[in-house]
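What follows is the residue order along each chain.
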Amino acid sequence: MNPAPRILPSDSSTYQDTVENKSGWHQTRSETTVEHAGTAGIAISIEETGSTMPPKELLAGADASRSLSRSVNGRQTVVNRPLAFPLNIGKSWIVEYSEDHPNR
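Residues numbered from 1 in each chain as written. Predicted model: local features only at pLDDT ≥ 70, side-chain atom pairs only at ≥ 80, totals over all residues. Heavy atoms only, no water.

Visitor: Describe the overall build of the protein chain, listing the residues and the values that go with them.
Guide: Scanning the protein chain from N- to C-terminus turns up zero helices and six strands. Along its sequence from the N terminus, the protein chain presents helices and strands in the succession β-β-β-β-β-β. The buried share of the protein chain, reckoned over its 104 residues, is 17%. When contacts within the protein chain are restricted to residue pairs at least 6 apart in sequence, those whose partners lie at least 24 apart make up 23%. (Helix = DSSP H or I, 4+ residues; strand = E, 2+ residues; numbered from the N terminus. Buried < 20%, exposed > 50% of the residue type's maximum accessible area, 1.4 Å probe, protein only. Contact = heavy atoms within 4.5 Å.)

Below, the structure written as structure tokens:
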């Protein structure tokens, strides 16, 4: 397995998020851009395509990991994993989960 590549400022990726609930489903597409990269972590901005809202900013691990997990129906579940290393051109992956009683 190849190691994760070095992440540099201005690196970017696009991802699609689909949310389904009882009333239907909706999809968003977001652009993630590296603002600052260091040995301890990186600062990224996330901008939803077509949105007039300013980008969200957050800190992530040095490998861009922000694999957020939360308790879903009593079990720790990864609910946000924008990168799965090693990356290859055309590679895709799906993170799926469902909650019986989700919080807002």
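Visitor: Kindly report on the sheet that holds strand S4 (residues 56-60), identifying the contributing residues and their values.
Guide: Read across the open sheet, the four strands follow the order S1-S2-S3-S4; overall the sheet is antiparallel. The outermost strands of the open sheet, each flanked by one partner alone, are strand S1 (12-21) and S4. If you compare each strand with its neighbour and ignore which way they point, the axes differ by 30° on average. Taken together, the five bridges between strand S3 (residues 42-48) and S4 define a ladder with antiparallel strand orientation. (Pairing = 2+ DSSP bridges. Axes fitted to C-alpha atoms, helices over the stretch in contact; angles between N-to-C directions.)

Visitor: Account for the side chain of Ser45, with residues named and values stated.
Guide: Tracing the backbone shows Ser45 in strand S3. With a relative accessible area of 7%, Ser45 lands in the buried category. A distance of 2.7 Å separates polar atoms of two side chains, one belonging to Ser45 and the other to Glu35. If we skip the residues at most four places from it in the chain, Ser45 touches Glu31, Thr32, Thr33, Glu35, Pro55, Lys56 and Glu57. (Polar contact = N/O pair within 3.5 Å; in protein donor to acceptor, adjacent residues only side chain to side chain.)

Visitor: Pulling in residues and values, what's your account of the environment of Arg29?
Guide: Structurally, Arg29 can be placed in strand S2 (residues 24-37). On the basis of relative accessibility, which here comes to 42%, the residue Arg29 falls in the partly exposed class. For the pair Arg29 and Ser51, spaced 22 residues apart in sequence, the C-alpha separation works out to 10.0 Å. In this structure Arg29 touches Thr14, Tyr15, Gln16, Glu47, Glu48 and Thr49, once residues within four positions along its chain are discounted.

Visitor: Please give an account of the pairing of S1 that cites residues and values.
Guide: Pairing geometry for S1 and S2, over ten bridges, is antiparallel. Along S2, the bridge assignment pairs Tyr15 with Ser30. Hairpin remark: S1 followed by S2, antiparallel, with two residues in the connecting loop.

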